[in-house]
Amino acid sequence: MPGSRKRARSPLTSALAALVLALVPTAVPATATAAAPAGYDHQRCGNTSGRVLLTLDDWSYGDDDRAVTVGRSLQRRGIRAAFFLVNSYASRYPKVAAALHTQGHWVGNHTYSHPHLRQLSEREARAEIRGGVDSTLLRPPYGDFGDRETRLAEELGYRICTWTVDTRDWEGPDGTFPGTAALRATVRDAPAADKRSGVILGHLFSHFPEALPGIVDDLRDQGYRLCRNTGPTTHVIPYPLNC
Ligand SMILES: [Zn+2]
């Protein structure tokens, strides 16, 4: 497949990398670099399909199964989404990421504890990425990244993935979250160019999950197609995205 020059971890490579790590704990980078392909658009995350990719970030605090519930309803509608989980939570509930993979969704790295990576030392930033969900896409918290983070991501085997449509679902008046009607309107009114081969950002802790069924209806009514669920996934999120 022409797109697969992006590294695929062969068992041998993984074994060698593990050996190098075991023998020389301070060796960095321990894995081959994964330079983003020429022309890679971090806002589209490798989505060249024409279809819309829905993404859900962070965690549903106080409702740890919510990601799985959302994942199941998207799967039932034939949709593959990407979940960027904060690993300080996801690592405590490993069944969540496992269930999402089984449901046919992607699970990406959103760091270990959701810091502003640019405000950290290089050593700390690397540790945050390394401590994130094992994947091949990294979504920097707050979309905050620079050249250093792009380089670190590549060294650690990641492509940076942000978004084309921000629902701003976390930002309502007086500290409340925008309701489902407002979220639907935001997506409905977003420019076509941001939806075709686009990436929509929402969060697991907001009203975005409740708004999703309507958002999907609206997108389909507008003639957009969504990333198709073709069955279980692994930690390798391919380039281009097989939507
Ligand atoms: Zn986040």
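The chain is annotated in an unreviewed UniProt entry as Peptidoglycan/xylan/chitin deacetylase (PgdA/CDA1 family) of Streptomyces eurocidicus.

This part is about the state of the cysteines. Tallied over the full model, the rule gives two disulfides. Across the disulfide from Cys-45 sits Cys-161; the S-S distance is 2.1 Å. Taking the torsion about the sulfur-sulfur bond, which here is approximately 80 degrees, the covalent link between Cys-45 and Cys-161 counts as right-handed. Residue Cys-45 is located in the loop between helix H1 (11-23) and strand S1 (53-58), and its partner Cys-161 is located in the loop between strand S5 (159-160) and strand S6 (165-166); the two are separated by 116 residues in the primary sequence. With respect to class, Cys-45 is no different from Cys-161; both count as buried. Note on cysteine connectivity: Cys-227 is disulfide-linked to Cys-243, with sulfurs 2.2 Å apart.

A few words now on the coordination of the zinc ion. Around the zinc ion, the protein contributes the donor atoms Asp-58 (OD), His-110 (NE2) and His-114 (NE2), at 2.0 to 2.1 Å from the metal centre. Donor residues for the zinc ion, ordered by position in the chain, follow D-x51-H-x3-H. Of the two residues, Asp-58 is situated in strand S1 and His-110 in the loop between strand S3 (106-109) and helix H5 (122-130); the sequence distance between them amounts to 52 residues. The same class applies to Asp-58 and to His-110, which are both buried.

Cut-off values and rules
Residues numbered from 1 in each chain as written. Predicted model: local features only at pLDDT ≥ 70, side-chain atom pairs only at ≥ 80, totals over all residues. Heavy atoms only, no water. Disulfide = S-S within 2.5 Å. Helix = DSSP H or I, 4+ residues; strand = E, 2+ residues; numbered from the N terminus. Buried < 20%, exposed > 50% of the residue type's maximum accessible area, 1.4 Å probe, protein only. Donors = N, O, S within 2.8 Å, 3.2 Å for Na, K, Ca; no water.

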